[in-house]
Amino acid sequence: MDDKVKVSLRIFRFNPETDKKSHFDKFELTVDKNERVLDMLEHIKGYFDGSLSFRRSCAHGVCGSDAMRINGRNYLACKALIKDVGTNITVEPISGLPVIKDLIVDMEPFFEHYRSVLPYFINDDPEPLQERLQSPEQRERFDDTTKCILCACCTTSCPSFWANDKYVGPAAIVAAHRFIYDSRDQAAAERLKILNEQFGVYRCHTIFNCTVACPREIQITEAIGDVKKAIATGKIE
Ligand code: SF4
Ligand code: F3S
Ligand code: FES
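Residues numbered from 1 in each chain as written. Chains lettered and ligands numbered in written order. Predicted model: local features only at pLDDT ≥ 70, side-chain atom pairs only at ≥ 80, totals over all residues. Heavy atoms only, no water.

**Q** Hey, could you run me through the overall build of the protein in this one?
**A** Looking only at helices and strands, the protein features nine helices and seven strands. Along the longest, intermediate and shortest principal axes, the C-alpha atoms of the protein span 60 × 45 × 30 Å. The buried share of the protein, reckoned over its 237 residues, is 46%. Considering only intrachain contacts with a sequence separation of at least 6, the fraction spanning at least 24 residues in the protein is 65%. Positive and negative side-chain charges of the protein, numbering 32 and 35 respectively, have mean locations separated by a distance of 4 Å. (Helix = DSSP H or I, 4+ residues; strand = E, 2+ residues; numbered from the N terminus. Buried < 20%, exposed > 50% of the residue type's maximum accessible area, 1.4 Å probe, protein only. Contact = heavy atoms within 4.5 Å. Lys, Arg positive; Asp, Glu negative; His and termini not counted. Charge placed at Lys NZ, Arg CZ, Asp CG, Glu CD.)

**Q** What is the right way to read the pattern of salt bridges from this model?
**A** A pair can form between side chains of opposite charge whenever their charged atoms are brought close. This structure, assessed with the given rule, holds 14 salt bridges. D25 is the salt-bridge partner of R13, the closest N and O atoms lying 3.0 Å from each other. Placement of the pair is R13 in strand 1 (residues 4–13) and D25 in strand 2 (residues 23–32), with a sequence separation of twelve residues. For D25, a relative accessible area of 22% translates into the label partly exposed. Between E108 and R115 there is a salt bridge; the shortest N-O distance is 2.3 Å. We classify E108 as partly exposed; its relative accessible area is 37%. Since its relative accessible area comes to 46%, R115 is described here as partly exposed. Overlapping salt bridges bring together R13, D25, D49, K101 and D102 as one network. (Salt bridge = Lys/Arg side-chain N within 4 Å of Asp/Glu carboxyl O.)

**Q** Explain the sheet that holds strand 5 (residues 88–92) here, please?
**A** Read from one edge of the open sheet, five strands run 2-1-5-3-4, paired in mixed fashion. Each end of this open sheet is capped by a strand with a single partner; those strands are strand 2 and strand 4 (73–76). Between one strand axis and the next, the sheet turns by 35 degrees as a mean value, whatever way the strands run. Pairing of strand 1 with strand 2 involves ten bridges; the strand directions are antiparallel. Residue pairing across strands places L9 opposite F27, the latter belonging to strand 2. Docked against the sheet, helix 1 (residues 37–48) engages strand 1, strand 2, strand 3 (67–70) and strand 5, running at close to 105 degrees with respect to strand 2. (Pairing = 2+ DSSP bridges. Axes fitted to C-alpha atoms, helices over the stretch in contact; angles between N-to-C directions.)

These values are about where atoms sit, not about what they do.
Here it is in structure tokens:
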């Protein structure tokens with residue numbers, strides 16, 4: 001069976017050293033419909049235009065570095081198959097972060113929000129001689145939010161973040177959730193205080209774009225709901 005299809009690609013281009021404003025370049029390729037958008041970008045960079053700039057590392061949905069907007073929706077380019085996104089494809093950088101070049105954005109504002117929620121284990125008790133025990137049920141409580149690969153697909157698809165980039169954003173809340181609900185951690189109250197501030201969880205209006213965009217299928221809106229409830233009730237359940 002012939003799985004080859006003709007694909008027309010429009011790619012966002014911006015070079016701050018030479019361009020006053022951005023534009024789109026068009027490319028036509030014949031590829032297997034099971035190929036990924038990342039394969040096409042690699043092909044274009046390798047054979048047509050070596051100056052095309054984008055991030056990638058693992059090429060297998062693990063590192064989170066190739067988030068981009070494909071036909072108006074955030075994906076990891078290495079997980080976006082032609083047969084799923086269609087043969088007329090527009091590729092743009094993720095929205096709401098400054099573009100450095102072509103599909104590369106400055107991730108620093110995203111990581112600044114991430115760092116603000118204390119995304120690491122905090123426990124001031126003397127170190128135990130053996131591991132800190134936790135029941136399977138206690139571990140299960142935050143299992144979903146351990147899966148985050150910090151790709152930013154969620155935060156950069158959130159209209160509340162587009163409206164105000166001071167909003168801490170869904171990825172940072174997911175990171176906070178992972179530790180707030182860890183029975184071994186002791187800094188939940190501090191994180192909830194941070195997330196109860198002006199640009200914290202209440203900037204979320206339950207729009208769900210984040211959950212739809214997440215390549216790890218994390219139930220982000222539900223996790224944000226957990227955190228809102230913990231703030232409102234003072235209980236972490
Ligand atoms: Fe990416 Fe999902 Fe983590 Fe958001 S929660 S940064 S979409 S993996
Ligand atoms: Fe934004 Fe997700 Fe809330 S898209 S508004 S963070 S549910
Ligand atoms: Fe690593 Fe796509 S290149 S997630």
